[in-house]
Amino acid sequence: MLKIDITTKLFAGKYVFSTPDKQNLISLESGISTAVLNIAPGKVESPGSFQEFNLYGDINTGFNLQAPNWNYVVYSETYLANQLRGAEGLSVFSIHVIDENNNCTITELVNETEFYLVANGVLLNRIPKPTGKPPTNALFVLNKITDSLADMLNQGSTMGNPLTGAYLAKQDVQTISFSMSDLSYADFTGCKILAANFNGVTATYTQFDQANLTGWVASGLTLESCSFVNAIMNQATLGSSVLISCVFDAAKLINANFNNTTAKNTSFNQTDLTGWVANGLTFANCSFVKANLQAISLVSAKLIGCNFNLASMNTDPGISPGYSTFQGADFTNASLVGCIIGNARVNECNFNGAILINTDFSKALGVPDIIDFSNALLIGANLTGNDLTKCQINEYTNFMSARLEGCNFTGHDLTNNIFVKAKMANTKLDKTNLTGAQLAFADLSFATITGGVLMIGANLSNAILESANFTGAQLGAKNHFPYLPLADSVVLDQGIVPDDMKNKPYNVSSTATVKIIQPGSQWTITDVVSNPSYVYEILKNVNGLMVQSTTTADNAAILSNAFMPNANFQLANLYAVEMSGVIWYGPSANAENTDLGLANLSNAFLAEISFKQTKLQGATFDFSTLIGANFLDTDLNPSPDLKSTSFAFASLQSTQFNNTNLFNANLTNAAFAMENGVPVFTIDASFKTTLDQLTVSQALITAFSNSGYPLISTIASITANTLGSNWTIANSDDNSITQTGYSEFILEYINYENGLSFIQVYGGSPLLVLVNTKGKQEQIPIAFGPTALTKEQMDDNTTCPSGMKLKLLNNHLTYLDLMTAALPPRPPSSWG
């Protein structure tokens with residue numbers, strides 16, 4: 001069998017082979033798994049696409065034949081086009097022209113035997129070449145459609161002829177004009193094309209992989225499913241072209257021009273597009289993963305649904321033409337995961353629905369003028385320092401873990417927005433609506449949330465709120481209504497709903513019920529007919545009858561375990577807010593004139609905070625540290641539903657209750673500081689002797705340990721303040737930064753007239769606690785003195801630290817007895 005090396009054989013032209021009557025053509029008959037050559041009707045002047053064949057080699061001495069399915073022909077009982085280029089056993093043909101009318105025979109040499117191709121009806125077969133004239137059915141007419149590569153190079157043009165499926169790989173074709181040619185399925189892999197003329201060509205599934213297309217001019221083309229992988233296309237111009245499902249992966253398109261180009265499902269992954277100019281383009285669902293997009297221009301480009309994940313957009317101003325510009329670009333539903341958009345202009349861009357996870361806008365130019373962030377995923381994105389007041393944001397904009405330090409959201413409706421774990425230090429959230437916003441674990445240090453910000457249902461659990469300003473914020477499940485006239489108090493005392501409340505904005509139904517809490521000054525109205533159900537609280541003050549309401553549809557905000565030293569909640573509404581475990585202290589910590597009715601502040605660290613003129617009806621401070629807190633002029637009465645304000649197990653050393661009553665309050669097991677400190681337990685009077693001797697005996701160590709307050713044997717030392725009656729035990733280890741509890745104990749000898757005597761042990765100042773300050777535990781020594789609360793500020797129903805009511809005070813049950821916790825109150829050790 002004659003064999004030629006097809007890898008060295010160049011394109012010899014595109015041909016049509018007809019029968020002598022020119023009514024039938026050699027054709028490709030497609031099968032399910034094979035492709036058979038046969039004879040089918042057809043005109044030489046207008047052959048079908050399945051009747052044009054490409055030749056490679058020399059038509060006179062030997063060539064391989066490529067069928068219109070772009071496979072190569074072999075003989076296997078019939079002629080089949082089912083082999084790849086370079087496969088073993090490809091048929092090698094020769095053409096012998098008989099006359100000037102291009103009548104010819106087609107022969108195949110197999111093992112030194114020549115065969116004629118013959119037409120047997122619709123079948124194409126072969127017979128051994130006889131001596132003499134060829135049979136009639138072995139005659140064909142040769143018709144050239146497209147010149148050979150050699151002729152094209154010589155002429156410098158294809159003259160608009162089709163090159164469909166032609167294999168031209170690794171050839172230098174830069175001198176050929178391909179203008180108006182059909183290049184579909186052609187293979188230009190590794191070709192040197194440069195600035196060859198491709199204007200007006202048709203290209204579908206054309207291969208340009210690894211080709212050199214530097215300076216290529218191909219404006220106005222339609223390229224469908226073409227491949228330019230690893231091609232060099234620097235300074236190429238494809239302006240106003242249409243790209244459908246093309247692949248430019250890893251190509252070099254430096255300073256290329258794509259102005260007004262349209263593309264769909266086209267890939268530029270890992271492509272170098274430095275200096276790319278593509279103003280006004282329209283791209284849909286295209287991919288630029290890990291592409292280099294420095295110093296590019298995409299003014300008014302439409303990039304809907306495109307994928308820019310991990311693309312490099314961090315422009316070096318020193319790269320020509322300098323800053324990138326995306327001005328007016330539309331990135332709707334695009335993905336820019338992990339992109340750094342540094343020194344790029346993004347003003348008037350649209351990122352509606354865009355995936356901007358870990359995208360860095362911190363050095364981008366024009367961020368304040370971005371049109372739309374609606375529905376965008378900004379998870380982990382960096383927008384540090386930007387003014388976002390003019391950007392459109394809706395409840396589906398997701399800022400989880402985003403860097404928003406110093407950003408300005410003033411006036412935005414951020415209802416239900418997600419800011420979980422976001423970094424928002426110094427962020428402006430003034431006059432916003434944060435109803436239902438998710439801010440758990442967010443860092444809002446030094447943020448401003450002023451101007452009556454609505455935060456009902458917001459979640460700030462575990463958030464960092466250091467020095468944040470929440471003045472006037474509305475976090476509680478309570479709404480405020482216009483005042484009622486004082487005259488309505490008479491009607492309310494009769495258990496009747498005033499007519500003023502049957503109209504807007506109250507719209508109380510006629511079936512609502514009135515409950516008289518305190519005649520002439522406090523009432524509740526419950527309206528279960530409305531949806532949702534409302535409970536109105538009415539309180540008389542100097543301005544009239546103040547009306548507030550709660551509803552079954554509203555949920556108070558959650559601040560559990562928030563770290564909020566020096567946070568300012570002055571005038572805020574924190575009604576029924578969940579604040580268990582908060583760390584809220586510092587010289588600027590402020591809860592003055594705040595509504596904390598029914599709030600849960602259990603297990604909170606609230607040292608030295610000011611609750612001046614605050615409403616705390618029914619609030620819970622169980623297990624909280626309130627050392628040095630100020631409750632001046634505070635309302636600690638029971639809530640309208642008669643829930644008592646509770647300080648059970650709370651630390652109340654130095655707590656100030658000036659001009660405040662604790663009627664009906666619960667102080668069970670609270671650490672109430674007397675003149676000597678907090679009474680914690682008693683020991684036997686027999687210890688007087690060793691105490692006067694300043695001896696820390698083993699018996700004394702055991703007595704303290706049995707009561708849950710161990711002494712450090714190597715540190716503890718005794719000072720006799722008054723021999724026989726008063727001593728101090730210092731128990732502070734200056735070398736330990738993790739020690740907690742009382743740093744000293746005051747011991748007082750008590751001797752009653754009835755003969756009962758003992759030594760009362762008090763916890764003394766300062767108290768050592770550990771506070772988690774932004775992930776690091778810090779020991780804080782808290783100095784304290786007596787609790788500023790007198791018997792006159794409590795009533796008979798006040799539950800004292802002993803667990804007994806104050807009304808049991810008598811000659812046999814002393815004030816010290818009542819104010820000593822039934823269980824030795826454990827000092828707080830740590831928070832956060």
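The rules we used
- Residues numbered from 1 in each chain as written.
- Predicted model: local features only at pLDDT ≥ 70, side-chain atom pairs only at ≥ 80, totals over all residues.
- Heavy atoms only, no water.
- Helix = DSSP H or I, 4+ residues; strand = E, 2+ residues; numbered from the N terminus.
- Buried < 20%, exposed > 50% of the residue type's maximum accessible area, 1.4 Å probe, protein only.
- Polar contact = N/O pair within 3.5 Å; in protein donor to acceptor, adjacent residues only side chain to side chain.
- Contact = heavy atoms within 4.5 Å.
- Arc of directions from axis to C-beta.
- Phe/Tyr/Trp six-rings, centres within 6.5 Å; stacked < 30°, edge-to-face > 60°.
- Patch = residues over 30% accessible without salt bridge, like charges linked within 9 Å, V, L, I, M, F, W, Y side chains within 5 Å.
- Areas by Shrake-Rupley, 256 points an atom, 1.4 Å probe, with all protein chains shown as cover.
- Salt bridge = Lys/Arg side-chain N within 4 Å of Asp/Glu carboxyl O.

With that settled, the discussion passes to the side chain of Asp147. Along the polypeptide, Asp147 turns up in the loop between strand E12 (140-146) and helix H1 (149-155). Given the relative accessible area of 13%, Asp147 is considered buried. A polar contact is formed between the side chain of Asp147 and the side chain of Lys144, at a distance of 3.1 Å. A distance of 3.2 Å separates a polar atom in the side chain of Asp147 from a polar atom in the side chain of Gln155. Discounting residues that sit within four places of it in the chain, Asp147 has contacts with Phe11, Gly13, Met152 and Gln155.

It is worth spelling out helix H4 (residues 698-706) at this point. Restricting attention to buried positions, one finds in H4 the residues Leu700, Ile701, Ala703 and Phe704. Down the axis of H4, the buried set is contained in an arc of 160°. They therefore lie on one face. Turned more than 90 degrees off the buried face of H4, the exposed positions are Gln698 and Asn706. Contacts from the buried residues of H4 go to strand E26 (678-683), helix H3 (688-692), strand E27 (717-722), strand E28 (726-730), strand E29 (741-751) and strand E30 (757-773).

Turning our attention to the packing of aromatic side chains. Under the defined criterion, the tally for this structure stands at 58 aromatic pairs. Taking the centre distance of 5.9 Å and the plane angle of 50° together, the rings of Tyr56 and Tyr72 count as tilted. Of the two residues, Tyr56 is situated in strand E4 (residues 53-58) and Tyr72 in strand E6 (residues 72-75); the sequence distance between them amounts to 16 residues. Here Tyr56 and Tyr72 have matching classes, each one buried. A ring pair is formed by Tyr185 and Tyr205, whose centres lie 5.2 Å apart and whose planes are at 15°; its orientation type is stacked. Here Tyr185 is found in the loop between H1 and strand E13 (202-204), whereas its partner Tyr205 is found in the loop between E13 and strand E14 (222-224), with 20 residues between them in sequence.

Attention shifts here to a nonpolar patch on the surface. A cluster of nonpolar side chains, Phe623, Phe649 and Leu823, forms an exposed patch at the surface whose accessible area comes to about 290 Å². Within the secondary structure, Phe649 sits in the loop between strand E25 (544-551) and E26.

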